[in-house]
Amino acid sequence: MGFDPSSATFMKALYVISVTDTLKWEQKMEFYSKWGWTEDDVLLAFRRSPLFMSFSEKIISSKMDFYVNTMGCQPSDVVGCPDVLTYSLEKRIIPRCSVIRLLQLEGLIAKEDVSILTILQKSEKWFLERFVIKYQEQVPELLTSYKEKISLAKFGLGLDERGGVKQV
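A short tour of the structure in this document, coming up. (Residues numbered from 1 in each chain as written. Predicted model: local features only at pLDDT ≥ 70, side-chain atom pairs only at ≥ 80, totals over all residues. Heavy atoms only, no water.)

1. Observations concerning the side chain of Q104
For Q104, the location among the structural elements is in helix α6 (residues 89-105). In this structure Q104 comes out as buried when scored by relative accessible area, which is 15%. Of the polar contacts made by the side chain of Q104, one reaches the side chain of R101; its length is 3.1 Å. (Helix = DSSP H or I, 4+ residues; strand = E, 2+ residues; numbered from the N terminus. Buried < 20%, exposed > 50% of the residue type's maximum accessible area, 1.4 Å probe, protein only. Polar contact = N/O pair within 3.5 Å; in protein donor to acceptor, adjacent residues only side chain to side chain.)

In structure tokens form, the structure reads like this:
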């Protein structure tokens, strides 16, 4: 599969393969094909971050649904950074995306100026400095919303069909 046997990624891949039987692997390939991934896409993502293949379809579905239908990402975008499938929706994904959407609503950042999937991969320190602390004076509730994991709905904001922010 193209792994360096001395790498940590190889060990993770070995673990996933050891706990996944052939039938389960085929079911997972079928599951990802429903999101538009080819077999090559799945294998590429697996080589980059093998652990995502150990998560249940229910967990991955909720994350893919959020990325694609709420945040407007393409399923193929996730192939390039499959680590984002291993992050917690409640603890990392939604809080960060809520901060970004709030900053967009306030006109402080443009949608095309940020890559949600890239931002999710950055450290918490980087994210706080770049998006929370930097804009704290203009939007005082940012730190509270991020630390308390408050979603957009708490601000009376929702998402329109195109993934844009709207008042509700």
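Here the narrative resumes.
2. Remarks on the packing of aromatic side chains
In the structure shown here, the tally under the stated rule is 10 aromatic pairs. Put simply, the rings of F31, Y32, W37 and F52 pair up and form one aromatic cluster. For R92, the ring lying beneath its charged end belongs to Y87, and the centroid distance is 4.1 Å. Directly above the ring of W126 sits K122, whose terminal nitrogen or CZ lies 5.3 Å from the centroid. (Phe/Tyr/Trp six-rings, centres within 6.5 Å; stacked < 30°, edge-to-face > 60°. Lys NZ or Arg CZ within 6 Å of the ring centre and 35° of its normal.)

3. Notes on the nonpolar core
The biggest cluster of nonpolar side chains holds 49 residues, and the ones touching the most others in it are Y32, W37, Y67, L85 and F131. Of all the elements, α6 adds the most residues to this core, at seven residues. Residues from two domains meet in this core; each of domain 1 (8-86) and domain 2 (92-155) gives at least three. When sequence neighbours within four positions are dropped, the list of residues in contact with Y32 reads W37, V42, F52, M53, I60 and L85. (Core = buried A, V, L, I, M, F, W, Y, C linked by side-chain atoms within 4.5 Å. Domains from an automatic or database assignment. Contact = heavy atoms within 4.5 Å.)

4. Some words on the packing of α6 against helix α8 (residues 124-133)
Two elements in contact, α6 and α8, have axes whose closest approach is 11 Å; the angle formed by their N-to-C orientations is 15 degrees. By the angle class used here, α6 and α8 are roughly parallel. Crossing handedness for the pair α6 and α8: left-handed. Contacts from R96, V99, I100 and L103 of α6 reach α8 at E124, F127, F131 and V132. The class makeup of the residues in the contact of α6 with α8 is six nonpolar, no polar and two charged. (Axes fitted to C-alpha atoms, helices over the stretch in contact; angles between N-to-C directions. Parallel < 35°, antiparallel > 145°, perpendicular 65-115°, else oblique. Left-handed = near helix turned anticlockwise from the far one by under 90°. Nonpolar A, V, L, I, M, F, W, Y, C, P; charged D, E, K, R; others polar.)

5. Looking at the packing of helix α4 (residues 57-70) against α6
In contact at an axis separation of 12 Å, α4 and α6 are set at 10 degrees when each is read in the N-to-C sense. Classed by the angle they form, the pair α4 and α6 counts as roughly parallel. Only L89, I93, I94, C97 and R101 of α6 make contact with α4, whose side of the interface consists of S62, K63, F66, Y67 and T70. Split by residue class, the contact of α4 with α6 holds six nonpolar, two polar and two charged.

6. Focus on a nonpolar patch on the surface
A cluster of nonpolar side chains, contributed by Y15, V19 and L51, occupies part of the molecular surface with about 270 Å² of accessible area. Here V19 lies in helix α1 (residues 8-19). (Patch = residues over 30% accessible without salt bridge, like charges linked within 9 Å, V, L, I, M, F, W, Y side chains within 5 Å. Areas by Shrake-Rupley, 256 points an atom, 1.4 Å probe, with all protein chains shown as cover. Salt bridge = Lys/Arg side-chain N within 4 Å of Asp/Glu carboxyl O.)

7. What about α8?
What α8 keeps buried is the set F127, L128, F131 and V132. Buried residues of α8, viewed axially, fall in a sector of 110 degrees; they line one side. For α8, the exposed residues set more than 90 degrees away from the buried face come down to K125 and I133. Of the surrounding elements, those touching the buried residues of α8 are α6, α7 (116-121) and α9 (141-147). (Arc of directions from axis to C-beta.)

Function cannot be read off these values alone, since they describe shape.
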